[in-house]
Amino acid sequence: MADSPLENIGAEQNLLGSILLNNDVLPRVSGLITAEDFADPVHGRIFAAIQARAAKDQLADAVTLRAMMADDAGLADLGPEYLARLAGAAISIFAAPDYARLIAGLAKKRRLAAMLSDALEGLGDADADADAILGQVEAFGLSQERRGGAEIISFMKAAGLAVVAASAAHTGETLPGVPTGVERLDEMLGGFHAGELIVLGGRPGMGKSSLALSIATHAATCGHGVGFISLEMDAASLASRAISEATALQNRPVPYSAVRRGTVSDREFDDFRGAAKDISELPISFTPPQCRDLESIYSSAKRMQKLFASRGTPLGLLVVDYVQLVRAGRKTRFEEVTEISIALKSMALTLGVPVLALSQLNRGVDNRDDHRPMTSDLRESGQLEQDADVILFCYRAEHYLARKSTDDMESIEIQAHYAALDAVRGKMEIIVDKQRNGDTGTVVVRFDPATNFVRGIGA
Ligand SMILES: Nc1ncnc2c1ncn2[C@@H]1O[C@H](COP(=O)(O)OP(=O)(O)OP(=O)(O)O)[C@@H](O)[C@H]1O
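Per chain, the residues get numbers from 1 upward, laid out in the order the sequence is written. The predicted nature of this model means local features are confined to residues of pLDDT at least 70 and side-chain atom pairs, given and counted, to a pLDDT of 80 or more, with totals for whole chains, interfaces and linings taken over all residues. To obtain the side-chain values, all non-hydrogen atoms of the structure were used and water was disregarded.

The name given to the protein in an unreviewed UniProt entry is DNA 5'-3' helicase, with Amaricoccus solimangrovi as the source organism.

Right under this line is the structure:
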C-alpha cells in the first residue's frame, strides 16, 4: 500500500534499521524525534524500546529487541524477521539526522492536519463558540512550541498569553493552576501551575505523602488527571489512604491502619467500601513498583498523559514520591539528585503539567531546637532548591512534642508541655519557603494522620 503524503514508512524503516545496526546513531537523533512521531505505531514502539534499553546502557539490536517485544502483537503481525529486515535496510549514520527531521516534520504536519480538521468541523457547527475553537488552535501552537523547544516567542504573543492567564485569574471562575484543596495555599499560589516544579520537603512521618495524596485526590475530584508515582508505597496502600480520607470527609472516619490490620467493625467496613465505590472513578493512575528510574518515570508519565487525554480528563498533575528513591545512575548522591531535579523540571515543561516532587530532608532538622525546615535543609539535595519554582515544607510540632519525654520535667513544665501539645494537636504547617512568582508564608491546616485527612483550618 502506498504511503499517505503525510507519512514515509520507508524512511522510518531506514532510520530504525540504522539505529538497530549501530546504537551510536541514537544520541544523534534523540533530540530530533520522539516515539510518537512515527506514523506506524509499531515503529514508535520499537523506537521507545530502543530508548529504554539505551537508558540502561543495554544493547538494542534485532535480537535483543525481538525478545523484549515478544508480546507485541503488532510486531508479530509483521513477521518474525521484521527487525532483522529493518537492520538490513540501514542508512548511513550521517544521513540519520536528516531522516529523523523528515519523520518529525511529517508528524508535525499530521498533528496540524488533525487539529485543523477538528477546528473546521467545529466551525461548521452553528452553536460552536468561536473563542473555544481559537483557544484550541492556540493551545496546539503552544504544544508544538514545547516540542520544538528552541522556538522563539515574540513579546506580543507572550503578552497575549499573560493577559489570557490574568483574565482567568481575575474573573475568579477558575484557579489559574491545579487546585490543592487547601484554600489558603491556593490563594497564595493560585494552585499548582503547568510547567512548574513544586518541591515538598519534610522529615519522615511529617505527612508529605499524606499531603501529596490529599492534593492528588482533590485535583482529581476537580477533573484533573493525576499521575501518582510512588517509589515508597504500592497502589493498593495509596488507594486505601485515599479511601480513608474520603470516609473522613463523609464524617464517618475509618483509619487506614485499622483497615490494614483488619480491626474495623462491620459498620466501618461498609463505610470504607461505600467510600471506595464513591471515589473509584477518580482519574488517578499509579505506577508499578519497578518504575524507579527517570526513563521509566518519564515514559509512564507520557503514557498516563495519553490515557487521560483519551478519557477526556487531561493529565493535570504529576506527583513523584520521593526524589531520593529515584535512580539516575550518577556517581555521587548530590550529582544524582541534581540530574533528577533537572529532569523533573524539564518533565513539567515538556508535559505541560505541574510536577509535585517530594523530598526527604536529612536528620539535621531533628537536631535543631526549632525543627521547622528551612531552605538550607534542601541544599544537600543537589540542585532542587534552584530548579524548584515553589518550595513547600510540611512540619508538625505535634510529631516532636508527642515524642518528647516528660521524665525529667517539673510538674509545671509538664503542664506547659501538655498545653503546648494540645495547641498543635491535629495541625500541620505548610511552609511556602519559595515561590518564584509570589510571596512566601505559612498555612496551617488540619491533619488527621490516621485517615490521611488534610483540609484548611475551619474548612
Ligand atoms: N492510625 C494512626 N494514628 C496516628 N498516626 C498515624 C496513624 N496511621 C499513620 N499515622 C502517621 O501518619 C504519618 C503519615 O505520614 P506520611 O506517610 O505521609 O509521612 P511522610 O512524610 O511521607 O514520611 P515517610 O517517608 O515516613 O512516609 C506517619 O507519621 C504515621 O506514623
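Now that the structure is up, let's keep going.
Colleague: Give me the side chain of aspartate 377: which residues, what numbers.
Modeller: We count a stretch as a helix when DSSP gives it H or I for four or more residues in a row; a strand needs E for two or more, and each element gets its number in order from the N terminus. With respect to the helices and strands, the residue aspartate 377 is situated in the loop between β5 (355-360) and α17 (384-387). Each residue is placed in one exposure class: buried if its accessible area under a 1.4 Å probe, protein chains only, is under 20% of its type's maximum, exposed if it is over 50%, and partly exposed if it falls in between. Taking the relative accessible area as the measure of exposure, aspartate 377 reaches 9% and is therefore buried. It only takes one pair of heavy atoms within 4.5 Å for two residues to be counted as in contact. Ignoring anything within four residues of it in the chain, the contact list for aspartate 377 reads Leu361, Val365, Arg368 and Arg372.

Colleague: Lay out helix α15 (residues 294-310) in plain terms, naming residues and giving numbers.
Modeller: The span expected for a helix works out to 1.5 Å for each residue beyond the first. Here α15 spans 24 Å end to end across 17 residues, near enough to the 24 Å set by a 1.5 Å rise per residue. Listed in full, the buried residues belonging to α15 are Leu294, Ser296, Ile297, Ser300, Ala301, Met304 and Phe308. Along the long axis of α15, the arc covered by the buried residues comes to 160 degrees, so they all point the same way. Seen from the open side of α15, the exposed residues pointing more than 90 degrees away from its buried face are Arg303, Lys306, Ala309 and Ser310. Its buried side turned inward, α15 meets β2 (225-230), β3 (284-286), β4 (315-321) and α16 (333-351). Just downstream of α15, glycine 312 is the residue with a positive phi angle, here 80 degrees. The arc in question is traced by the directions running from the helix axis to the C-beta atoms.

Colleague: With reference to specific residues and values, describe a negative patch on the surface.
Modeller: A grouping of Asp118, Glu121, Asp125 and Asp127 is seen on the molecular surface, where their side chains present a negatively charged patch. Relative to the assigned elements, aspartate 125 resides in the loop between α7 (96-123) and α8 (130-148). The class for aspartate 125 is partly exposed, based on a relative accessible area of 40%. A patch consists of residues exposed above 30% relative accessible area that lack any salt bridge, with like charges linked at up to 9 Å and nonpolar side chains (Val, Leu, Ile, Met, Phe, Trp, Tyr) linked at up to 5 Å. Here the Shrake-Rupley method, with its probe set to 1.4 Å, supplies the accessible areas, and only the displayed protein chains count as covering residues. We count a salt bridge whenever a side-chain nitrogen from Lys or Arg sits within 4 Å of a carboxyl oxygen from Asp or Glu. Here the positive residues are Lys and Arg and the negative ones are Asp and Glu; neither His nor the chain ends is included. Lysine's charge is taken at NZ, arginine's at CZ, aspartate's at CG and glutamate's at CD.

Colleague: Tell me about the sheet that holds strand β6 (residues 390-395), and please be specific about residues and values.
Modeller: Read across the open sheet, the nine strands follow the order β3-β2-β4-β5-β1-β6-β7-β8-β9; overall the sheet is mixed. A strand with exactly one partner marks an edge of an open sheet, and here the two such strands are β3 and β9 (453-456). Within this sheet the neighbouring strands show an average axis-to-axis angle of 25 degrees, counted without direction. Seen against the sheet, α16 touches β1 (197-202), β4 and β5 and runs at an angle of roughly 165 degrees to β5. Here, a strand pair is defined by DSSP locating no fewer than two bridges between the strands. To obtain each axis, a line is fitted to C-alpha atoms, and for helices this fit is confined to the stretch in contact; angles are then taken between N-to-C directions over 0 to 180 degrees.

Colleague: Let's hear about the site of the ligand: which residues, and what values?
Modeller: Definition of nearness: a residue and a molecule or strand are near each other if at least one heavy atom of the residue lies within 4 Å of the molecule or strand. For the ligand, the set of nearby residues contains 16 residues, the closest of which are Gly205, Gly207, Lys208, Ser209 and Ser210. What qualifies as a polar contact is a pair of N or O atoms within 3.5 Å, subject to a donor-acceptor requirement within protein and to the restriction that residues adjacent in sequence count only when both atoms come from side chains. Between serine 210 and the ligand, the recorded distance is 2.7 Å, taken from a side-chain N or O atom to an oxygen atom. Within the contact set of the ligand, an oxygen atom lies 3.0 Å away from a side-chain nitrogen or oxygen of glutamate 232. Contact with the protein chains removes 71% of the 640 Å² of surface that the ligand exposes when unbound. Where the shell around the ligand is concerned, the elements lending two or more residues are α11 (208-221) and α13 (256-261). Of the residues forming the shell around the ligand, the biggest block, three residues, is contributed by α11. Split into classes, the residues belonging to the shell around the ligand amount to five nonpolar, six polar and five charged. Here the term charged refers only to Asp, Glu, Lys and Arg, the term nonpolar to Ala, Val, Leu, Ile, Met, Phe, Trp, Tyr, Cys and Pro, and the term polar to all other amino acids, Gly among them.

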